[in-house]
Amino acid sequence: MTEPRYTSEHEWIRLDSGVATVGISAYAQEQLGDVVYVELPEVGRKVAAGDNMAVVESVKAASEVYAPVAGEVAEVNAALADKPETINEDAEGTGWFVRLKGVDAAAVSALMDADAYKKYVSSLD
Amino acid sequence: MRYLPLDADDRRAMLARIGAATIDDLFVDVPPAARLSRPVDLPPHAGEIEVERALSALASRNVPAGAAASFLGAGAYRHFIPAAVDHLIQRGEFLTSYTPYQPEISQGTLQYLFEFQTQVALISGMEIANASLYDGASGAAEAAQMARRVTRRAGVVASGGLHPHWRDTVATGLRWSDAALTTAPADPSGTEDLTKLIGADTACVIVQNPTVFGHLRDLSPLARACQANGTLLVVCVPEVASLGVVEPPGAMGADIFVGEGQGLGPGLNFGGPYLGLFATRERFVRQMPGRIAGQTVDVDGRRGWVLTLSTREQHIRREKATSNICTNSGLCALAFTIHMALLGEEGFRRLARLNHAKACRMADRLGAIKGVSLLSDAFFNEVTVRLPVLAAPVVDALARDKVFAGVPASRLYPGEKEMETLLISCASETTTEDDIERLGAALEGTLR
Amino acid sequence: MSAETPPGAPRAPNAKSGRSAAGPRRPAGAPVAAAEADAGGFTGTVSGNRALAIEEPLLFEQGSRQRCGVDLPDPANFKPRLGGLERKGAIGLPGLSESEVVRHFTRLSQKNYAIDAGLFPLGSCTMKHNPRLNEKMARLPGFADLHPLQPLSTVQGALALMDALAHWLKQLTGMPAIALPPAAGAQGELCGMMVIRAAHDAAGQNARRRVLVPESAHGTNPATAALCGYHVDSIPANARGRVDVAALRAKLGPDVAALMLTNPNTCGLFEPEILDIAAVVHGAGAYFYCDGANFNAIVGKVRPADLGIDVMHFNLHKTFSTPHGGGGPGSGPVALVEALAPFAPLPWVVAGPGGFALREDAVGDAAHTIGRLKAFHGQMGMFVRAYAYMLSHGSDGLRQVAEDAVLSANYLLAALRDTLTPAYDGPCMHECLFDDGGLRAFDVSTLDFAKALIDEGFHPTTIYFPLVVHGAMLVEPTETESKGELDRFIAAVRGLKARLDAGGAERFRTAPHYSPRRRLDETRAARQPVLRWSPPAPREAAE
């Protein structure tokens, strides 16, 4: 499995044998607080980079989750519907949102790596 | 001025603490050109006696429905409200509280909203309800928007039995959206078939039961047609008292229920404030407009209530909110909740039976008048009759003798020729035998 | 990801290291330790009640099917004509006697804070005294018992009152037309923006699709503009908390339909450059919409027409003291300039030779109306109350209202300036705004401070609004508080701050301690929504 890449909007993406898994970063979940609800796209939907792809809600905030790169929704994490707290517990693992197929590997590797994202986050506080 | 507690000494001391010489120093940001140098051209303040006198004089120029034999309905219904209702809603802790944003000191409001939501869900046969909207008509407009969000379709079909004010409110709400509204022609006979108006892009069909003309309809076939097409069925019930005896929208397959709770809550009030009831299926809750109270626990583990799912609302979602609604009809919802608590299962059913029985009597009396034909055979407490003459002048003439014979359909359908002889009349538990006889005799007298 | 969270708001009010985490679970209504255990090991009360604070179950957990709080005759034998649509099965409503119902709701009422009970300094909400004369007048049968579709000859007094109310609103705004129907402020906004859209459409200005809204605006503003098919473009504030006129100018263009501005703004500040703002907006061919939520600060002192405003909604439940009623009903009439009047929603009250009439359909001079926003004619019950309020105050009293409201807010600002941190310099209007600058050093949030105020017997201020200020506390005392009550509030805030200085922060984080409920688990409420009572699952057959 490849190393995750990050966007400035706090999504992570990880490419594994042609399929990219996307979620929100550990930092993002901490900013959001207790996640209470997730709205996921329908499988088969084609998204462009930057498209609003999902919604994640805490008690006091609703945030849009954007597609880090273009692709087609191959699978969504249906387990989040019953256990949205998974995102708080394991944002960059079992708390994933969406799997995209048909993504451009070069577009993924053009995003921030973990170190660059860490520096970016520390610049925000 | 009796409502203003600051006196001249207070004002001087407060200005001194602020460090301002005059009150106008605090209005420095107002451009001088826009400051009024003297009071606006209106009368000066008045004592309680004078104000009461002035308002009583205005009130005395009206004829209250209770002072007449009233058969007015058509979207607003006069029911008897037990004395305890008005007493309780005037408790200052209810009357002068705010939206329960601080739940620790608003449990009274939150608990009754939760009870209200439960009552609305029970009587409508739906799964969940919100904490009220402005009125039924604006609730119907919200339902159309909600159906479009749920289905991601553009088409909205409105029945010809939908109250014209509700129909027009839906139309206004959709006017600048990309929705396509189809309105069926007015349906005084209660025979329309809406299934042929349902298309691939139809988000919802909005019907009313009983219709504005009083007809009760079995909506199950329409519900099945909607369901087969992925279209939501919105059932509007302006007269909620009917739900005590009529099969509820949920049981007929409604996806969204919109009711007007005025008759059992705030009363007539010349049209407002009223009480929008709104209920739907649990799976659509995140698309539902308006505030919702939900159950939870406090840090000590004690049961309590909070406003919840507020990420749908404007104060968080701003331009992406499900609706721009902020205020609801809290105090009217309280009146409704108290009234329903007093009625209970037996009282609610009996009230509805009584309304229906009086309406049957009224229908018989009207139908027995020569030249008058009854258009309704299945109804709750309201029927439409066709007169041999124009209805509006008859209504005006009878009003002079304190008989409010009903609502001439021309009031709701101005300019529509075929409506001009139709009269919509309503009875309730407040209607007496004497009232019915006065109506019958007066009508016979005019038509003779 | 893009988050919309108020700056400084606790991200997870119920999570975080036990700060307010849900404690040990007890069954609902079970006794709770309110006091230290005595020598015998007893804590709290047996019942869970605490003297006047009595636990009250849901209606559905009391009563029985047979009991009834009203006596209605059973209709004599008759043949139903319901078309075979009789309700089948039980509804599930509980039956209670009148005495039980009165007690239930009385006990519930005792769990509420209210303006009748004390200071309610909720910024932007204008929680002022609600005169009881207004309630009495609204209940006169000549108003309360009128059917909206009675023959017009029988409601001339009601129409005269609506006309008189409109006259007062015209005089107070300097604007020539009033639309009475909107049910509340947000519907007033919708009315105003729809009127603007209709006017642009009628003038062939269909390309105007952008509406400018300050960042500090109430959420209803952008939500309303979106409902009218407009794209919302936010404009920044300057360092003084006002509209940045240069930024506004840069955003204006031929595609802008309107500016939506609250004045005094949501920071409690008057926009000093408002005449320039109006001029540049009009210069660009756009309309100037004013959110009148804060009209209480200027009523009788400044007429919106003189500020260049084209449309403004009133909240009768704010400025004119119709009761908030736990969240409604409201009433939101809209004032319009001449050019926008033809687009006003139906119905209109019109004066004719034979008395007043109602224009209820889109014909003649009403051909351009935006249509209906609700059934019937508006919130008549609220009109009566607001009109009684206006008559009571008169032109002199209304002016005094604005002056006293502004005086009281500035008094709080002056007295708390060294205790809390004011968001902006200079005098405020009817409400004063603080940020959480003075609290952060103690690791105490605005929310914690608000909850501590509850224990002191005050309703908290508005918190985390406006969004442009970190950890905002917006304080609106209104004109109906005595100096003594203001001084008690000042002493409480200063005393709380002194406790923080003395190392007492922990108690804030667990406040409130004395309210009918302590902090509630909002995460749980949203994750597993319980939105209605449901009958308990049928019990297993007894052994």
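Residues numbered from 1 in each chain as written. Chains lettered and ligands numbered in written order. Predicted model: local features only at pLDDT ≥ 70, side-chain atom pairs only at ≥ 80, totals over all residues. Heavy atoms only, no water.

## A word on the overall build of chain A
Our working definition: Secondary structure follows DSSP: runs of H or I at least 4 residues long count as helices, runs of E at least 2 residues long count as strands, and numbering of each begins at the N terminus. Values of the radius of gyration come from C-alpha atoms, whereas the globule rule sets the reference at 2.2 Å times the count of residues to the power 0.38. Each residue is placed in one exposure class: buried if its accessible area under a 1.4 Å probe, protein chains only, is under 20% of its type's maximum, exposed if it is over 50%, and partly exposed if it falls in between. Pairs of residues are marked as contacts when any of their non-hydrogen atoms sit within 4.5 Å. Per-residue accessibility takes into account occlusion by the displayed protein chains alone, with areas from the Shrake-Rupley method and a 1.4 Å probe. Lys and Arg are tallied as positive, Asp and Glu as negative. Neither His nor the chain termini are counted. Taken as the charge centre is NZ of Lys, CZ of Arg, CG of Asp or CD of Glu, depending on the residue.
In terms of helices and strands, chain A carries four helices and nine strands. Element order for chain A, N to C, with α for helix and β for strand: β-β-β-α-β-β-β-β-β-α-β-α-α. Expected size for 125 residues packed as a compact globule is a radius of gyration near 14 Å; at 13 Å, chain A falls within 12% of this value. Taking all 125 residues of chain A together, 50% fall into the buried category. Partitioning the contacts of chain A with sequence separation of at least 6, the portion at a separation of at least 24 is 59%. Accessible surface, chain A as shown: approximately 5,500 Å² in total, 50% of it carbon and sulfur. Positive and negative side-chain charges in chain A, numbering 10 and 22 respectively, have mean positions lying 3 Å apart.

## Some points on the pairing of strand 6 (residues 52-58) of chain A
All names here are of chain A. Defined as follows: Only when DSSP finds a minimum of two bridges between them are two strands counted as paired.
Counting buried positions along strand 6 gives six out of seven residues, so the element sits mostly inside the fold. Where strand 4 (residues 35-39) meets strand 6, four bridges bridge the pair, whose relative direction is antiparallel. Bridge assignment links Val38 to a residue of strand 6, and that residue is Val56. Note that strand 6 and strand 7 (residues 62-66) share five bridges and pair antiparallel. Bridge assignment links Val56 to a residue of strand 7, and that residue is Ser63.

## Quick look at the state of the cysteines
Note the threshold: Pairs of cysteine sulfur atoms within 2.5 Å are what we label disulfides.
Tallied over the full model, the rule gives zero disulfides over all chains. Free of any disulfide, Cys236(B) has its nearest neighbouring cysteine sulfur in Cys204(B), separated by 9.3 Å. A relative accessible area of 0% places Cys236(B) in the buried class. With no disulfide of its own, Cys228(C) lies closest to Cys191(C) among cysteine sulfurs, the gap being 9.7 Å.

## Brief notes about the nonpolar core
In globular proteins that are soluble, nonpolar side chains generally tend to be buried together. Counted only if it meets this: Here, the term nonpolar core denotes a set of buried Ala, Val, Leu, Ile, Met, Phe, Trp, Tyr and Cys residues that are joined through side-chain atoms within 4.5 Å. Domain start and stop positions are those given by an automatic or database domain assignment.
Residues Leu55(B), Leu248(C) and Phe320(C) are the most contacted members of the largest nonpolar core, which totals 158 residues. Top contributing element to this core by residue count: helix 9 (residues 380-416) of chain C, with 20 residues. When residues of this core are sorted by domain, at least three fall in each of domain 2 (134-390) and domain 3 (395-527) of chain C. Residues Leu88(B), Tyr112(B), Met126(B) and Phe336(B) belong to the second largest nonpolar core, which totals 77 residues.

## Digging into the domain arrangement of chain B
Residues and elements named next belong to chain B. As a reminder, the rule being used: Accessible surface is computed with a 1.4 Å probe, and the buried area is the amount of it that two parts give up when combined, taken over both parts together. By definition, a salt bridge exists where a carboxyl oxygen of Asp or Glu is found within 4 Å of a side-chain nitrogen of Lys or Arg. Polar contact criterion, stated in full: a pair of N or O atoms within 3.5 Å, where within protein one must be able to donate a hydrogen and the other to accept it, and residues adjacent in sequence count only if both atoms are side-chain atoms.
Each domain of chain B was delimited in the assignment, giving domain 1 (66-80 + 346-447) and domain 2 (83-339). Summing the contributions of domain 1 and of domain 2, the shared interface buries around 2,300 Å²; its carbon and sulfur component is 66%. The three residues of domain 1 that bury the most area against domain 2 are Phe348, Phe380 and Tyr413, which together make up 26% of that side's buried surface. Applying the counting rule to domain 1 against domain 2 returns zero salt bridges. Remark: the boundary between domain 1 and domain 2 carries six residue pairs in polar contact (both at pLDDT 80 or more). At the level of secondary structure, the elements contributing two or more residues to the side of domain 1 that touches domain 2 comprise helix 11 (330-367), strand 12 (382-386) and strand 15 (422-426). When residues in the side of domain 1 that touches domain 2 are grouped by element, the largest group, five residues, is from helix 11.

## Here we look at the packing of aromatic side chains
Our working definition: Classification of ring pairs rests on two measures: the distance between centres of Phe, Tyr or Trp rings, Trp counted by its six-membered ring, which must be within 6.5 Å, and the angle between planes, read as stacked under 30 degrees, edge-to-face over 60 and tilted in between.
Enumeration over the complete set of coordinates arrives at 15 aromatic pairs over all chains. The interplanar angle of 40° and the centroid separation of 6.2 Å between the aromatic rings of Tyr117(A) and Tyr120(A) together place this pair among those described as tilted. One end of the pair, Tyr117(A), and the other, Tyr120(A), are both in helix 4 (residues 114-122), three residues apart, so they sit about a helical turn from each other. Owing to a relative accessible area of 6%, Tyr117(A) belongs among the buried residues under this scheme. Here Tyr120(A) falls in the partly exposed class, since its relative accessible area comes to 25%. On the numbers, 6.2 Å between centres and 50° between planes, the contact of Tyr98(B) with Tyr101(B) is tilted. Judged by relative accessible area, which is 12%, Tyr98(B) ranks as buried. A residue is classified by how much of its surface remains accessible, and Tyr101(B), at 39% relative accessible area, is partly exposed.

## Considering the sheet that holds strand 3 (residues 19-24) of chain A
Pairing is antiparallel in the open sheet, where six strands are placed in the order 1-2-3-9-8-5 (chain A). Single-partner strands in this sheet number two, and they are strand 1 (5-6) and strand 5 (46-47) of chain A.

## A look at the sheet that holds strand 14 (residues 407-408) of chain B
Residue and element names in this part refer to chain B. This is how it is decided: All axes are obtained by fitting lines to C-alpha atoms, using only the stretch in contact for helices, and the reported angles, taken between N-to-C directions, cover 0 to 180 degrees.
The strand order 11-12-15-14 describes an open sheet built from four strands, whose pairing is antiparallel. Both edges of this open sheet fall to strand 11 (373-374) and strand 14, since each of them pairs with a single strand only. The sheet contact formed by strand 12 and strand 15 spans five bridges and is antiparallel. For Arg386, the partnering residue across the bridge sits in strand 15 and is Leu422. In the packing of helix 11 onto the sheet, the strands contacted are strand 11, strand 12 and strand 15, and the crossing angle to strand 12 comes to about 5°.

## Quick word on the packing of helix 1 (residues 8-18) of chain B against helix 9 of chain C
In plain terms, the rule: What sets the label is the angle itself: under 35 degrees gives roughly parallel, over 145 gives roughly antiparallel, 65 to 115 gives roughly perpendicular, and the rest give oblique. Should the near helix be turned counterclockwise from the far one by less than a right angle, the crossing is left-handed, whereas a clockwise turn marks it as right-handed.
Between helix 1 of chain B and helix 9 of chain C, the shortest axis-to-axis distance is 9 Å and the interhelical angle comes to 45°. Comparing the axis directions of helix 1 of chain B and helix 9 of chain C gives the class oblique. Note on packing geometry: the crossing formed by helix 1 of chain B with helix 9 of chain C is left-handed. Note on element contacts: helix 9 of chain C touches helix 1 of chain B through Gln400(C), Asp404(C), Leu407(C), Ser408(C), Asn410(C), Tyr411(C), Ala414(C) and Ala415(C), opposite Arg11(B), Met14(B), Leu15(B), Arg17(B) and Ile18(B).

## With respect to the environment of Gly241(C)
Residues and elements named next belong to chain C. Summarising the element assignment, Gly241 is placed in the loop between strand 4 (231-235) and helix 7 (245-251). Residue classification places Gly241 among the buried residues on the basis of a relative accessible area of 3%. Setting aside residues up to four positions removed in sequence, Gly241 forms contacts with Asn265, Cys267, Leu269 and Tyr424.

## Description of helix 2 (residues 48-59) of chain B
Residues and elements named next belong to chain B. Convention followed: For a helix, the expected span equals 1.5 Å multiplied by the residue count minus one. Along the arc lie the directions from the helix axis toward the C-beta atoms.
Compared with the 16 Å implied by 1.5 Å per residue over twelve residues, the 16 Å span of helix 2 between its first and last C-alpha is a close match. Those residues of helix 2 that sit buried are Val51, Leu55, Leu58 and Ala59. Buried residues along helix 2 cover an arc of 100° about the axis, so they all sit on one side. Exposed and oriented more than 90 degrees from the buried face of helix 2 are Ile49 and Arg53.

## A short note on helix 5 (residues 185-202) of chain C
Residues and elements named next belong to chain C. In this model, helix 5 (18 residues) spans 25 Å end to end at C-alpha, consistent with the 26 Å of a helix rising 1.5 Å per residue. Most of helix 5 sits inside the fold, with 16 of its 18 residues counted as buried. Of the residues flanking the end of helix 5, it is Gly204, one or two places downstream, whose phi is positive at about 75°.

## Points about the interface of chain B and chain C
The condition that has to hold: All residues other than Ala, Val, Leu, Ile, Met, Phe, Trp, Tyr, Cys, Pro, Asp, Glu, Lys and Arg, Gly among them, are scored as polar; the first ten of these are nonpolar and the last four charged.
Tallying the contact residues gives 194 residues for chain B and 218 residues for chain C. At the boundary of chain B with chain C, total buried surface from both sides reaches about 17,700 Å², with 63% on carbon and sulfur atoms. If you look at where chain B meets chain C, you find 14 salt bridges. A salt bridge links Arg303(B) to Glu61(C); its shortest N-O distance comes to 2.8 Å. At the boundary of chain B with chain C, the tally comes to 90 residue pairs in polar contact (both at pLDDT 80 or more). In terms of residue count, helix 11 of chain B provides more of the side of chain B that touches chain C than any other element does, 25 residues in total. Residue composition of the side of chain B that touches chain C, grouped by class: 101 nonpolar, 50 polar and 43 charged.

## Comments concerning the pattern of salt bridges
Oppositely charged side chains can pair when the atoms bearing their charge come close. Residue and element names in this part refer to chain B. This structure, assessed with the given rule, holds 53 salt bridges over all chains. Of the charged contacts in the structure, one is a salt bridge between Asp178 and Arg148, with a shortest N-O distance of 2.4 Å. Taken together, the residues Asp178 in the loop between helix 7 (164-174) and strand 4 (180-183) and Arg148 in helix 6 (residues 136-151) connect sequence positions 30 residues apart. Classification of Asp178 by relative accessible area gives exposed; the value is 62%.

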